[in-house]
Amino acid sequence: MADCAADPAITAWARTYTRHPKQFESQLSAVLPRLIYVQQVADHYDVAGEFVLLPWVESHFQPVPGRHRNRAAGMWQIMPATAGAMGLRVDDSYDGRLDVPAATHAVMKELQRYHRRFNDWRLADYAFNAGEFAVRKLVKKHGAPTELPAIPELPVRRGTREHLSKLLAIACVVREPARFGVTLPALPPERQLVKVPVDQSLSITDAASHAGMSVDRFKHLNAAFRSDTIDAQAASYLVLPAKHVRQFRTALVNEASTADADREPAASLSPGSADNSQPSATSPRHHTVRSGDSLWGIARHYSVSVDQLRSWNHLRGQSIKPGLVLKVGSAH
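Residues numbered from 1 in each chain as written. Predicted model: local features only at pLDDT ≥ 70, side-chain atom pairs only at ≥ 80, totals over all residues. Heavy atoms only, no water.

A. The arrangement of the overall build of the protein in detail. In terms of regular secondary structure, the protein is built from 13 helices and six strands. The burial tally for the protein puts 43% of its 332 residues in the buried class. Long-range contacts, defined here as pairs at least 24 residues apart, represent 65% of the contacts in the protein between residues at least 6 apart. Entry remark: accessible area of the protein is about 17900 Å², with carbon and sulfur atoms responsible for 50%. (Helix = DSSP H or I, 4+ residues; strand = E, 2+ residues; numbered from the N terminus. Buried < 20%, exposed > 50% of the residue type's maximum accessible area, 1.4 Å probe, protein only. Contact = heavy atoms within 4.5 Å. Areas by Shrake-Rupley, 256 points an atom, 1.4 Å probe, with all protein chains shown as cover.)

B. Looking closely at the pattern of salt bridges. Applying the stated criterion to the full structure yields eleven salt bridges. The closest approach of N and O atoms between glutamate 176 and arginine 179, which form a salt bridge, is 3.5 Å. (Salt bridge = Lys/Arg side-chain N within 4 Å of Asp/Glu carboxyl O.)

C. Molecular detail of the side chain of arginine 122. You can see arginine 122 is positioned in helix α6 (residues 121-130). On the basis of relative accessible area, arginine 122 is assigned to the buried category, the value being 10%. In this structure, arginine 122 is in contact with Met1, Pro145, Thr146, Glu147, Pro149, Ala150, Pro152 and Leu164, ignoring residues within four places of it in sequence.

D. Layout of the packing of aromatic side chains. Taken as a whole and judged by the stated rule, the model has five aromatic pairs. On the basis of an interplanar angle of 55 degrees and a centroid distance of 5.7 Å, the ring pair of tyrosine 94 and phenylalanine 225 is categorised as tilted. Within this pair, whereas tyrosine 94 is found in the loop between α4 (80-86) and α5 (100-118), its partner phenylalanine 225 is found in the loop between α10 (215-221) and β3 (229-230), the two being separated by 131 residues in sequence. Look at phenylalanine 225 and you get buried, because its relative accessible area is 7%. (Phe/Tyr/Trp six-rings, centres within 6.5 Å; stacked < 30°, edge-to-face > 60°.)

E. Seen up close, the side chain of serine 201. For serine 201, the location among the structural elements is in the loop between β1 (193-197) and β2 (202-203). Given a relative accessible area of 7%, serine 201 falls into the buried group. Among the polar contacts listed, one links the side chain of serine 201 to the backbone oxygen of isoleucine 230, at a separation of 3.3 Å. Within the structure, the side chain of serine 201 is placed 3.2 Å from the backbone nitrogen of alanine 232, a separation counted as a polar contact. (Polar contact = N/O pair within 3.5 Å; in protein donor to acceptor, adjacent residues only side chain to side chain.)

F. Up close: the environment of valine 173. Note on placement: valine 173 falls in helix α8 (residues 158-175). Non-local contacts of valine 173, meaning those with residues more than four positions away in its chain, are made with Ala14, Thr18, Phe24, Phe180 and Val182.

G. Representation of the environment of alanine 72 within the structure. Note that alanine 72 resides in the loop between α3 (54-59) and α4. With eleven residues separating them along the chain, alanine 72 and alanine 83 place their C-alpha atoms 9.4 Å apart.

H. Broad picture of the nonpolar core. Phe51, Trp76, Met108, Leu111 and Phe218 are the most contacted members of the largest nonpolar core, which has 84 residues in total. Among the elements that take part in this core, helix α2 (residues 21-45) stands out by supplying ten residues, more than any other. Sequence-distant contacts of tryptophan 76, that is, excluding residues within four places in its chain, are made with Val38, Phe51, Leu54, Pro55, Glu58, Ala103, Thr104, Val107, Met108 and Phe128. The next biggest cluster of nonpolar side chains, apart from the first, holds twelve residues, and it includes Ile298, Val304, Leu309 and Val328. (Core = buried A, V, L, I, M, F, W, Y, C linked by side-chain atoms within 4.5 Å.)

I. Spatial organisation of helix α7 (residues 132-142). Taken as a whole, α7 has its buried residues at Glu132, Val135 and Leu138. Within α7, the buried residues cover an arc of 125 degrees as seen down the axis, which keeps them to one side. Every exposed residue of α7 that faces more than 90 degrees away from the buried side is listed here: Phe133, Lys137, Lys140 and Lys141. As for α7, its buried residues are in contact with α5 and α6. The positive-phi residue at the C-terminal boundary of α7 is glycine 143, with phi of around 85 degrees. (Arc of directions from axis to C-beta.)

J. Quick peek at the confidence of the model for the protein. For the protein, the mean per-residue pLDDT works out to 87, and 87% of the residues sit at or above 70. Across residues 266-283, confidence stays below pLDDT 50; counting only partners more than four residues off in sequence or on other chains, it has five contacts. (pLDDT = per-residue confidence, 0-100.)

K. Structural view of the environment of arginine 290. Note that arginine 290 resides in the loop between β5 (286-288) and α12 (295-301). Note on arginine 290: relative accessible area 31%, which makes it partly exposed. Taking C-alpha positions, arginine 290 is 4.8 Å from proline 322, a pair spaced 32 residues apart along the chain.

Spelled out as structure tokens, the structure:
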């Protein structure tokens, strides 16, 4: 896309962003793990590199929560209706707009589609900001824009024009940092973000502890989960800095091993001995709910269905509390 000198508005915004060089460098360093993750996804979809910096324009890469049901949310500032069209789940327990991997892939797919539709990355940005239908209508009426000027002279809203200017401006700073008196930070390998699979639900407190992170920092990276529980059915992964991945995985394995040991049946009696309290082979088994357990995870462990668990225990819904003793079989 256009370079720094292509339009006075680009240079003006670039200087605004870097008015306080040290502050700018600090802000960029703080969001660099997310930025690099977005860059990797953009490369996968062959999206223009400038769009890696789109969350800077939208939110400074912050997982902004939706303060109202009909407001934009997430570092991409996606509207609820747009999220639905993108295939992102949004409900009271999970907001896919704040899920870094899910939202980033969804946005890159959209930008790729916009470019295929308009064959112009500038119009792809306009479509992201103003909506695809609005841009299609403008192009149909006024024709596709020429290569110059850098900011197309289509009659769009001032905010839409400014959106493209800001995107090109932050790209300008990254392309020519010395021109604006700033130094770009590097990302140490241990700070890179990694998707870590999880196959059962657990509490956010336990997950943060497993990773050796504060709850606040953990939530910042995994802001899509709105309750105190990681719902593995909503997203079967977490996002962690690389240096915390091994500790988290080890803690999960140890926890699973402890849980399996707790569920081992009592040792069989020696030949010839008798114990009338020993349950018969047809007696139902039991499971005491632990923190982080879910019906889905318990059903999977005992090779039964969630519906069976509900029936045996007269349950409604998915909610179970630690300490609850569940039947995981029925007497025949």
